[in-house]
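Tertiary structure, described
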Amino acid sequence: MREVLALADEAEREHDEVPVAALLVDAAGEVIGRGFNRNIAWQDPSAHAEIVALREAGQRVRNHRLPGTTLYVSLEPCAMCAMALVHARIARLVYATPDPKTGACGSVFDLIADPRHNHRIEVCAGVLAEEAARRLSNYFRRKRGKPPL
């Protein structure tokens, strides 16, 4: 998760994007996809960190299915990203902080746990949650001209 948070810092520092990042790791522990939010730069509402990481991994392994992988992400995935994880057959999701507005993996919604899906994803939440939440809060505080927490 520390590598994810460093990538989120890069997103903010170098691209002025919301500091959300994701790493997709295969069963052997190798990073096969990485991404951070690119919504602003790419003018693409679907360019969330998770989607960017999934796209990179899919191209790298030459498959739209990514079984046996673990996605590490700094913020709980939204509905779009949660369903992309189900469709990609991700095995495990590890996220830092919940998203109290659009979280779809256990906080506001729990789309990936819906029993109607034919794929189950193991979820681990709260890894370095305070650090991730502080980054997000400070990003938006800076945008509003307020001092960091």
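No experiment lies behind these values; they were computed from the predicted model shown. Starting afresh in each chain, residues are numbered from 1 along the sequence in its written order. Only residues with pLDDT of at least 70 get local features here, since the model is predicted, and only at 80 or more are side-chain atom pairs given and counted; chain-wide, interface and lining totals rely on the full set of residues. Hydrogens are left out, water is left out, and the side-chain values use all remaining heavy atoms of the structure.

Time to look at the nonpolar core. Nonpolar side chains in soluble globular proteins tend to end up buried together. Working definition of a nonpolar core: buried Ala, Val, Leu, Ile, Met, Phe, Trp, Tyr and Cys residues. They are joined through side-chain atoms within 4.5 Å. For each residue, the accessible area found with a 1.4 Å probe, counting protein chains only, is set against the maximum for its type, and the residue is called buried under 20%, exposed over 50%, and partly exposed in between. Leu24, Leu54, Leu71, Ile90 and Leu93 are the most contacted members of the largest nonpolar core, which has 30 residues in total. Secondary-structure elements contributing two or more residues to this core are β1 (21–25), α3 (49–61), β3 (70–75), α4 (79–88), β4 (92–97) and α5 (129–143). Ranked by residues supplied to this core, first place goes to α4 with 6 residues. A contact between two residues is defined here by any heavy atoms of the two lying within 4.5 Å. Residues within four places of Leu54 in sequence aside, it is in contact with Leu24, Leu66, Ala84, Leu85, Ala88 and Ile90. By size, the runner-up hydrophobic cluster in this structure holds 12 residues, among which are Val4, Ala21, Val94 and Ala132. Comment: elements are numbered from the N terminus, with helices defined as DSSP H or I runs of at least four residues and strands as E runs of at least two.

Let us now look at the packing of aromatic side chains. Aromatic contacts are taken between Phe, Tyr and Trp rings whose centres are within 6.5 Å, Trp giving its six-membered ring; a plane angle under 30 degrees counts as stacked, one over 60 as edge-to-face, and the others as tilted. For the structure shown, the criterion picks out 1 aromatic pair. With a centroid separation of 5.0 Å and an interplanar angle of 85°, the aromatic rings of Tyr139 and Phe140 are classed as edge-to-face. Judged by relative accessible area, which is 3%, Tyr139 ranks as buried. Owing to a relative accessible area of 32%, Phe140 belongs among the partly exposed residues under this scheme.

Let us now look at the UniProt feature "domain: CMP/dCMP-type deaminase" (unreviewed entry) in the chain. UniProt positions are given in the numbering used here, feature names are shortened, and annotations may be inferred rather than shown by experiment. In the numbering adopted here, UniProt assigns the feature "domain: CMP/dCMP-type deaminase" (unreviewed entry) to residues 1–122. From the first C-alpha to the last, residues 1–122 spans 16 Å; its make-up is 34% helix and 20% strand.

The subject of this paragraph is the packing of α3 against α4. Whenever a helix is involved, its axis is fitted only over the stretch in contact; in every case the axis is a line through C-alpha atoms, and angles between N-to-C directions fall within 0 to 180 degrees. Taken N-terminus to C-terminus, the directions of α3 and α4 make an angle of 25°; their axes are 9 Å apart at the nearest point. In terms of their interaxial angle, α3 and α4 are classed as roughly parallel. The crossing of α3 and α4 is left-handed. For the pair formed by α3 and α4, the contact residues are Glu50, Ile51 and Leu54 on the first element and Met80, Cys81, Ala84, Leu85 and Ala88 on the second. Polar here means any residue other than Ala, Val, Leu, Ile, Met, Phe, Trp, Tyr, Cys and Pro, which are nonpolar, and Asp, Glu, Lys and Arg, which are charged; Gly is therefore polar. Partitioning the contact of α3 with α4 into residue classes produces 7 nonpolar, no polar and 1 charged. Note on angle classes: values under 35 degrees are labelled roughly parallel, values over 145 roughly antiparallel, values of 65 to 115 roughly perpendicular, and the remainder oblique. Helix crossings are classified by the rotation of the near helix relative to the far one: an anticlockwise turn of less than a right angle makes the crossing left-handed, while a clockwise turn makes it right-handed.

Each residue after the first adds 1.5 Å to the expected span of a helix. Across its 14 residues, helix α1 (residues 2–15) extends 19 Å between first and last C-alpha, which sits within 8% of the 20 Å expected from 1.5 Å per residue. Here α1 has its buried residues at Val4, Leu5, Leu7, Ala8, Ala11 and Glu12. Around the axis of α1, the buried residues are gathered within 160° of arc, so they sit on the same side. Counted as exposed and oriented over 90 degrees from the buried face of α1: Arg2, Arg13 and Glu14. Directions drawn from the helix axis to the C-beta atoms are what define this arc.

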